[in-house]
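Below are the chains, spelled out letter by letter.
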Amino acid sequence: MNGAQALLRTLAAAGVDVFFANPGTSEMHLVDAIGKSDGMRAILCLFEGVVTGAADGYGRMADRPAATLLHVGCGLSNGMANLHNAKKAHTPVINVVGDHATYHQQYDAPLATDVPAHARIFSDWVKVSASADDLAASGTDAVGAALRGSGKIATLIVPANHAWEPAGTPRLLPVEKRAEEMPPPLLEEAARLLSNGKRTGLVMGGRGLRAEVLAVAGGICAATGASLLCETFPARLQRGAGRVPVARMPYFAEKGVAFLAAFEQLILVGGRVPVAFFAYPGKPSLLAPPECRIFTLATTDDDVPGAMTALSQILKVDARPVALQSKRRVPKPQGALTPDAIGRSLCRLMPKDTIVCDEGITCSQPVYAATEGGPPHDWLAVTGGAIGIGLPLALGAAVACPKRKVVALQADGSAMYTVQTLWTMAREQTDVTVVLLNNSSYAILNIELRRVGAEKPNAKTLSMLDLKQPAIDWVALSHSMGVAAVRVDSAEAFDREFEAAMASCGPRLIEAVVPQTLDRIFG
């Protein structure tokens, strides 16, 4: 047995059975070991950003890590943007990164880089294996590190000779996730705040946005008069008919300030302190009023479900009635193909337990609002703001949940960052319907250009935000990578094609030509 084979055995024993891969020469023994490992699924992606984004989608839905296989520092760096998103989502991810053989590193070969320095930028745990024998134990450590708290990014760096050199029989150990109980003083203080009569918001995040936790939180709010809130871009929000509705914070700073203006207290339960996504001239960075008290009951890494259950017991609100989201009955949309019309088709036609991966950017808010009363579904957002996550996120979610429909709500500009995902979707026959929202523009940047106080743009400035010259043929592009595709420009045509997609299996792309409207964006 060599080091690569020993590593694969320990990862499998710890519950890791999927590799998203874009390997190079330094990883060939790892490739061979994956290929010969029973039960280990290998998924080839054509760009490292697809690899890391897919691992994020997988981890968000499976609640356990997939592994990535990446080539030295350059390959790791290519996947960095979506590892940033995964870190902000608190997703468990294990990166296995090959490097030059230890004895070769002294020669400064063309691909030589400081791989640990690259990894430390976004990893919570980094280790370079010490030997072939050390690889197996390092694999177990990586899984344990990835499963800490809500989820962490663990990066194991494997010099090539450690993969091919002989290794002893590894000790196979399962890895379990453990949650820490909340200290009683924190729970008691939260209960006191909820009982003092002040306008209070419960800001939920992380696992606090799962349906069963929201049910408990809804009971607390019904009993105390608090408002149930969530962060703007949740990693995974379970919503829809029959579930407890949550007020999502607006994206733009001035709307966020108005949204929180009346609150005297905010209790964070897996959520973050509400801040503006960017700094703007003359606008505040912190969205809550200066006099508002912000109290952290539980961080994302704490036992959020346990904290909410314990808090409900202290407040004695277990049996309180909770107002659930009612089912919305939507007629077939007609006329112009707007984001609202698209959202109404999703609300009407998507089956129960659909997973929506949202990188719709300027079209997102109208679609989100229109699906509020749709069938129960999961909504996955761009947690870190690095675009190019939508298609890979949908790929990973579909691999994690092969029996569930996945809808990728995808803006055209950001789709081009990781368009190679379509090829892997076709290769793996994942059940993903891509709703490609084509307004031929980086429309969000047109909005931001005005909001930051820039002078009136000229033609040269606007050309840097325009995608019409030349126009991208999304149907042809999709067909070239093996994904069935169709172009629509009316509400009726979209409704018809989306209904057909929901009735079939396998990857499919619907190019929805939408107007460049710059209002009603992000709430």
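Residues numbered from 1 in each chain as written. Predicted model: local features only at pLDDT ≥ 70, side-chain atom pairs only at ≥ 80, totals over all residues. Heavy atoms only, no water.

Bringing the overall build of the chain into the picture now. The helix and strand inventory of the chain stands at 21 helices and 18 strands. For 523 residues, the compact-globule formula gives about 24 Å, and the C-alpha radius of gyration of the chain, at 24 Å, lands near that figure. Here the C-alpha coordinates of the chain stretch approximately 65 × 60 × 50 Å along the principal axes. Considering only residue pairs separated by 6 or more positions, the chain has 81% of its internal contacts joining residues 24 or more positions apart. For the chain, the accessible surface area stands at approximately 20900 Å², while carbon and sulfur atoms represent 54% of it. Considering the chain, the positive charge centre built from 49 side chains and the negative charge centre built from 49 side chains are found 6 Å apart. (Helix = DSSP H or I, 4+ residues; strand = E, 2+ residues; numbered from the N terminus. Rg over C-alpha atoms; globule rule 2.2 N^0.38 Å. Contact = heavy atoms within 4.5 Å. Areas by Shrake-Rupley, 256 points an atom, 1.4 Å probe, with all protein chains shown as cover. Lys, Arg positive; Asp, Glu negative; His and termini not counted. Charge placed at Lys NZ, Arg CZ, Asp CG, Glu CD.)

To continue, consider the packing of aromatic side chains. As enumerated under the stated definition, the model contains 8 aromatic pairs in all. On the basis of an interplanar angle of 75° and a centroid distance of 5.3 Å, the ring pair of Phe277 and Phe278 is categorised as edge-to-face. Looking at Phe278, the relative accessible area reads 45%, which means it is partly exposed. Put simply, the rings of Phe233, Tyr251, Phe252, Phe277 and Phe278 pair up and form one aromatic cluster. (Phe/Tyr/Trp six-rings, centres within 6.5 Å; stacked < 30°, edge-to-face > 60°. Buried < 20%, exposed > 50% of the residue type's maximum accessible area, 1.4 Å probe, protein only.)

To continue, consider the environment of Asn95. Along the polypeptide, Asn95 turns up in strand 4 (residues 93-99). Judged by its relative accessible area of 0%, Asn95 is buried. In this structure, the C-alpha to C-alpha distance between Asn95 and Leu70, residues 25 residues apart in sequence, is 7.3 Å. Not counting residues up to four positions away in its chain, the partners in contact with Asn95 are Thr68, Leu70, Leu83, Phe122, Ile153, Ala154, Thr155 and Leu156. A distance of 2.8 Å separates a polar atom in the side chain of Asn95 from a polar atom in the side chain of Thr68. (Polar contact = N/O pair within 3.5 Å; in protein donor to acceptor, adjacent residues only side chain to side chain.)

Before going further, it helps to spend a moment on helix 7 (residues 132-146). Note on helix geometry: an α-helix contains 3.6 residues per turn, so any two residues three or four positions apart are oriented the same way. Over its 15 residues, helix 7 extends 22 Å from the first C-alpha to the last, a length consistent with the 21 Å expected when each residue adds 1.5 Å. Along helix 7, 11 of the 15 residues are buried, which leaves the element largely enclosed by surrounding structure. Taken together, the buried residues of helix 7 touch helix 1 (3-13), strand 4, strand 5 (125-128), strand 6 (153-159) and helix 8 (160-164). With a side-chain oxygen positioned 3.4 Å from the backbone nitrogen of Asp133, the residue opening helix 7 is Ser131. (Expected span 1.5 Å × (residues − 1).)

Moving on, we get to a nonpolar patch on the surface. On the surface, a nonpolar cluster with roughly 320 Å² of combined accessible area is contributed by Val273, Val275, Leu286 and Ile294. With respect to the helices, strands and loops of the structure, Leu286 is situated in the loop between strand 11 (265-269) and strand 12 (293-298). Taking the relative accessible area as the measure of exposure, Leu286 reaches 53% and is therefore exposed. (Patch = residues over 30% accessible without salt bridge, like charges linked within 9 Å, V, L, I, M, F, W, Y side chains within 5 Å. Salt bridge = Lys/Arg side-chain N within 4 Å of Asp/Glu carboxyl O.)

Core analysis: the biggest nonpolar cluster contains 54 residues, and Leu202, Met204, Ile342, Phe494 and Phe498 have the highest contact counts within it. Not counting chain neighbours up to four residues away, the residues in contact with Leu202 comprise Ala217, Ile220, Cys221, Ser227, Leu228, Leu229, Ile267, Val269 and Met308. Membership of the second largest hydrophobic core comes to 51 residues, among which are Leu83, Val93, Val483 and Leu509. (Core = buried A, V, L, I, M, F, W, Y, C linked by side-chain atoms within 4.5 Å.)

Consecutive side chains along a regular strand alternate between the two faces of the sheet. Counting buried positions along strand 7 (residues 200-204) yields 5 of 5 residues, so the element is predominantly enclosed. Across the two faces of strand 7 the burial is the same, with Thr200, Leu202 and Met204 and Gly201 and Val203 all buried. Here strand 7 runs beside strand 11; their pairing, made up of 5 bridges, is parallel. Looking at strand 11, one finds that Val203 is bridged to Leu268. Across 3 bridges, the pairing between strand 7 and strand 8 (residues 227-230) is parallel. Paired with Val203 across the two strands is Leu229, which belongs to strand 8. Crossover handedness for the path strand 7 to helix 10 (residues 211-224) to strand 8: right-handed. (Pairing = 2+ DSSP bridges. Right-handed = clockwise from strand over helix to strand, strands pointing away.)

Below, the discussion takes up the sheet that holds strand 6. Across the sheet, 6 strands lie side by side as 2-1-3-4-6-5; this open sheet has parallel pairing. On the outer flanks of this sheet lie strand 2 (41-44) and strand 5, each paired with one strand and no other. Looking at each pair of strands side by side, their axes are set apart by 20° on average, direction ignored. In this structure, strand 4 lies alongside strand 6, joined through 7 bridges in parallel fashion. Note that in strand 6 the partner of Val97 across the bridge is Ile157. (Axes fitted to C-alpha atoms, helices over the stretch in contact; angles between N-to-C directions.)

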